[in-house]
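What follows is the residue order along each chain.
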Amino acid sequence: MHKHILLTAVILFCEASLHAQEASQYKTPPKEIQDLINAPLAPAVALDKKGETILYYFRERYPFIEQLSQKEMRLGGLRINPTTNIGSRTTFYNRVELGSTKSKKRRTVSGLPENVQLSNFQFSPDDRHISFNRTTTKGVELWVINIEKATAVKLTEAVLNANIGQSAVWYRDSKALLVKALPEDRPELIDVNNEVPSGPVISESGGEKAQNRTYQDLLKTPNDERNFEILTHSEIKKVSLDGDIQDFLPKAMYKNLRFSPDGKYVLVSSIQRPFSYLVPYSRFPSREVIYTAKGKKVATVNETPLIEVLPQGFMATQEGKRNLAWRSDLPATLYWVEALDKGDPEMDVPYRDAVYELQAPFTGEHSLLVKTKNRYAGIIWGDTEHAVVMDRWFSSRNTKTYVFNPSDNHQEPYVLFDRNYQDLYSDPGRFVTLENKYGLHVLELQKNKSFLIGDGYTPNGQFPFIAEVNLTNANTRKLYESEYTDKLEDITRVLDIEKGDVLVRIESKNEFPNYYIRNIKAKGELKKVTDFENPYKSLVSVHKEVIHYKREDGLDLSGTLYLPSGYDKKEKLPLILWAYPREYKDRNTASQSTTNENNFVAPNYGSPIFWVTQGYAVLDNAAFPIVGEGDKEPNDSFRTQLVGNAKAAIDALDDLGYIDRSRVGVGGHSYGAFMTANLLSHSDLFAAGIARSGAYNRTLTPFGFQSEERNYWEAPKLYYDMSPFMHAEKVKTPILLIHGAEDNNSGTYPMQSERYFNALKGLGATARLVILPKESHGYAAKESIMHMLWEQHEWLEKYVKNKK
């Protein structure tokens with residue numbers, strides 16, 4: 001073991017001298033792949049609460065690298081454009097249209113300038129207007145669409161602060177919005193690149209355990225703190241639809257603004273000092289205060305301290321109040337959650353969490369509503385006698401759904417569902433909600449009955465459904481079940497359970513997803529709402545099927561197989577296997593198949609499907625379960641199961657006569673990249689590998705990773721065995737490493753790929769490292785994506801298809 005540690009240390013310091021760098025311009029893949037990337041993007045769709053008005057908002061599929069190259073400051077877990085005062089990675093839309101569920105006709109919204117960047121669309125509570133942000137070169141403006149007239153008007157100049165949380169929220173009467181505006185006396189930002197240090201930066205440990213993940217974009221210096229403070233300070237203004245602007249609250253570091261259902265109060269959360277260099281802003285101290293709708297302070301309802309120290313484990317949480325929010329079924333009642341185990345998963349207690357409430361005017365004693373056996377996971381309000389609360393526990397994968405009476409905490413909650421949340425075959429579905437008198441969604445109730453929308457995964461296929469459930473005895477009755485075997489029907493929303501009107505989305509392998517209104521009482525009658533065309537005509541004749549096979553230990557596996565158009569089995573194809581490992585606590589759930597071959601064939605930027613146009617067989621989303629039953633944890637046999645999953649997939653396709661098993665490439669993104677590097681270290685199944693944005697040295701993520709709760713010092717051998725970096729000398733297969741230079745995902749910072757490449761190069765492996773400038777964990781710029789695809793194509797052509 002000491003020899004291995006010494007070798008690691010030597011490799012860690014062998015950096016620049018081993019790097020054979022090359023200057024390069026962005027390149028493009030073959031035309032067939034370019035055409036798929038350049039295909040027009042269908043608009044995103046949003047529906048108002050009444051289920052009548054449709055907002056269509058359009059954007060380019062990928063921004064250009066120029067947009068990603070704008071000035072960016074990374075502070076406290078935020079990425080901010082300090083010039084425009086909005087998140088630097090915001091997705092912008094450039095066109096909007098209005099439609100109706102009663103007609104396929106669309107209306108163009110007038111009044112907008114050309115070449116706009118739009119974001120943060122919100123329907124007003126009365127569904128008559130839609131607010132949104134327009135980002136200009138100077139900053140962020142607030143605009144509003146009048147739905148009846150299909151016109152857009154500007155309400156403010158470029159003064160919004162959209163750097164953190166919501167930048168604007170509607171008053172409940174829909175006549176005005178509360179807006180976070182830039183302070184008029186805002187100071188200049190500090191140029192940290194040219195600062196002269198006044199002393200060292202010092203961090204201290206006082207003896208408490210602070211086992212935090214390896215967060216990115218944290219504060220590092222006092223000047224970072226000052227800039228964070230400047231960028232997050234706002235003044236709150238009241239902006240009326242007629243353009244009148246009034247002061248509401250003075251300058252502070254505001255996060256969120258939330259009106260009570262009756263609109264008489266607003267809950268305001270703000271960040272407080274001291275800041276931290278260990279955790280992101282979401283764990284900085286915060287204060288929550290209730291004001292009247294006119295800006296008069298009513299009460300401070302919560303003070304949360306800095307959260308740097310938490311007990312160990314995924315189920316660890318803070319002490320004190322958390323998850324403060326308004327009950328959606330009452331005029332002005334606040335509720336929150338508190339841990340009953342001090343937030344420590346190791347404590348043995350009958351109940352983990354409790355939910356409390358406090359009614360207006362917020363001066364009395366709070367009262368207990370319900371306790372949960374596991375960690376609180378959400379609540380859906382119904383009426384004064386019915387509500388549903390969910391909990392969850394990671395190590396057992398258990399989730400419970402309770403029905404309780406909010407007006408009687410002496411009445412024992414009824415456990416409606418008690419199940420493994422990874423067991424999708426037994427998933428009862430999500431509750432149907434309707435709009436109440438406050439314009440908020442609550443449980444759809446008919447006496448003691450409610451309704452569920454289920455995904456409908458079964459051993460025989462996927463058949464989404466709507467069911468009625470009795471809240472007193474859990475008896476369920478299906479009201480509708482999709483009967484498609486050649487299409488996929490997604491039940492998006494129940495519009496009117498009494499009439500039977502449901503909004504569904506229907507698609508098939510070659511039929512682009514479109515929305516319909518189905519009446520489940522009128523023999524499933526369908527009315528088409530949208531009419532989007534298939535932009536991927538070149539993939540229409542591609543063969544797609546879900547294949548099922550077994551691992552050597554008998555575990556059922558599956559994957560989606562794509563074969564080139566016109567393939568006749570006269571020759572065996574090179575194969576690309578693409579996967580992402582997932583951990584399970586029992587074989588039953590691990591063997592469930594949730595892949596549907598009727599999903600529309602639409603490659604996203606990271607998909608391997610592109611190569612079916614280049615003469616490859618592709619096995620996408622190949623099942624890679626890692627199972628640990630009883631006292632065994634999944635990762636205890638990670639490597640063995642990983643190789644077993646890969647071998648089973650290759651054996652199955654070889655037995656079908658589709659592939660040349662000597663020409664198989666493997667790839668994955670993030671944890672899939674980690675998988676790829678491990679497979680190349682511990683098997684000889686592959687001709688080449690592609691690993692994007694992965695982590696390869698688990699000692700650099702010492703306080704847990706993915707679904708591993710144990711820290712490095714508890715399980716040093718496991719961390720060593722699972723780290724491809726520690727086994728770089730075993731890699732004899734060509735590996736392509738790709739990483740975003742600005743990766744902000746916990747644990748997958750670019751150094752992971754850089755150090756792994758240095759180790760591979762130092763040990764004589766065939767490897768290539770591509771760092772994509774300005775890109776994060778997922779890639780966004782068109783130039784980056786085209787180049788990534790070119791790199792992958794060249795690698796596959798050289799080392800897989802034309803392997804010598």
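The written sequence of each chain sets the order in which its residues are numbered from 1. This being a predicted model, a pLDDT of at least 70 is required before a residue's local features are given, and a value of 80 or more before pairs of side-chain atoms are given or counted; all residues contribute to the totals for chains, interfaces and linings. Hydrogens and water molecules were not included; the side-chain quantities draw on all heavy atoms of the structure.

Looking now at the overall build of the protein. Helix and strand definitions follow DSSP, with helices as H or I runs of at least four residues and strands as E runs of at least two, each counted in order from the N terminus. In terms of regular secondary structure, the protein is built from 10 helices and 49 strands. Computation of the radius of gyration draws on C-alpha atoms, with the globule rule given as 2.2 Å multiplied by the number of residues to the power 0.38. The globule rule puts the C-alpha radius of gyration for 804 residues at 28 Å, and the 28 Å found for the protein is close to it. For the C-alpha atoms alone, the extent of the protein along its principal axes is close to 75 × 75 × 60 Å. By sequence separation, contacts in the protein at least 24 residues apart represent 59% of the contacts at least 6 residues apart. Accessible surface area values rest on a Shrake-Rupley calculation with a 1.4 Å probe, where residue burial reflects the displayed protein chains alone. Of the roughly 35600 Å² of accessible surface on the protein, a fraction of 47% belongs to carbon and sulfur atoms. A residue counts as positive if it is Lys or Arg and as negative if it is Asp or Glu; His and the chain ends are not included. Taken as the charge location is NZ of Lys, CZ of Arg, CG of Asp or CD of Glu. Positive and negative charge centroids in the protein, built from 100 and 103 side chains respectively, lie 2 Å apart. Any two residues whose heavy atoms approach within 4.5 Å at even a single point are treated as in contact.

A pair of strands is labelled paired if DSSP reports no fewer than 2 bridges between them. Read across the sheet, 4 strands follow the order S12-S13-S14-S15 without closing on themselves; strand pairing throughout is antiparallel. The sheet is open, and its two borders are formed by strand S12 (168-170) and strand S15 (245-252), each paired with just one other strand. Each strand of the sheet is rotated relative to its neighbour by a mean of 20°, with strand direction disregarded. Bridge count for strand S14 (residues 234-240) against S15 is 5 bridges, and the pairing is antiparallel. Directly across from Lys 237, in S15, lies its bridge partner Asp 247. Axes, fitted as lines to C-alpha atoms, cover a helix only where it is in contact. Angles between the N-to-C directions of the axes lie from 0 to 180 degrees.

On to the sheet that holds strand S18 (residues 286-292), then. Reading across the sheet, the 4 strands line up as S16-S17-S18-S19 and stay open at both edges, with antiparallel pairing between neighbours. With one partner strand each, in any of the chains shown, strand S16 (254-259) and strand S19 (297-304) form the two edges of the open sheet. The average angle at which neighbouring strand axes cross in this sheet is 15°, direction not considered. Across 7 bridges, strand S17 (residues 265-271) lies against S18 in antiparallel orientation. Along S18, the bridge assignment pairs Ile 271 with Ser 286.

Here the focus is the pairing of strand S31 (residues 449-454). The rule is simple: take the accessible area with a 1.4 Å probe, protein chains only, and divide by the maximum for that residue type; under 20% is buried, over 50% is exposed, in between is partly exposed. With respect to burial, S31 is a largely interior element, 5 of its 6 residues being buried. Across 2 bridges, strand S28 (residues 430-431) lies against S31 in antiparallel orientation. Residue Phe 431 lies in a different strand from S31, and its bridge partner there is Leu 452. With 6 bridges connecting them, S31 and strand S34 (residues 465-470) associate as antiparallel partners. The residue of S34 that forms the bridge with Ile 453 is Ile 466.

So, about the confidence of the model for the protein. As a per-residue measure, pLDDT reflects the predictor's confidence and takes values from 0 up to 100. Confidence in the prediction of the protein, expressed as mean pLDDT, is 94, and 97% of residues score 70 or more. Note on residues 1-19: pLDDT is under 50 here. Beyond four places in sequence and across chains, it has 19 contacts.

Tracing the chain through its elements places His 129 in strand S9 (residues 129-135). Given a relative accessible area of 13%, His 129 falls into the buried group. Separated by 46 residues in sequence, His 129 and Lys 175 place their C-alpha atoms 9.6 Å apart. Apart from the residues lying within four places of it in its own chain, the contact partners of His 129 are Gln 122, Phe 123, Ser 124, Val 144, Ile 145, Asn 146, Ile 147, Trp 170 and Leu 241.

Turning our eyes to something else, we now look at helix H6 (residues 638-655). Given a helix with a known number of residues, its expected span is that number minus one, times 1.5 Å. With 18 residues, H6 should cover 26 Å at 1.5 Å per step; its first-to-last C-alpha distance of 26 Å lies within 8% of that length. Residues of H6 that are buried include every one of Phe 638, Gln 641, Leu 642, Asn 645, Ala 646, Ala 648, Ala 649, Ile 650, Ala 652 and Leu 653, and no others. Of the residues one or two after H6, Gly 657 is the one with positive phi, at around 80°.

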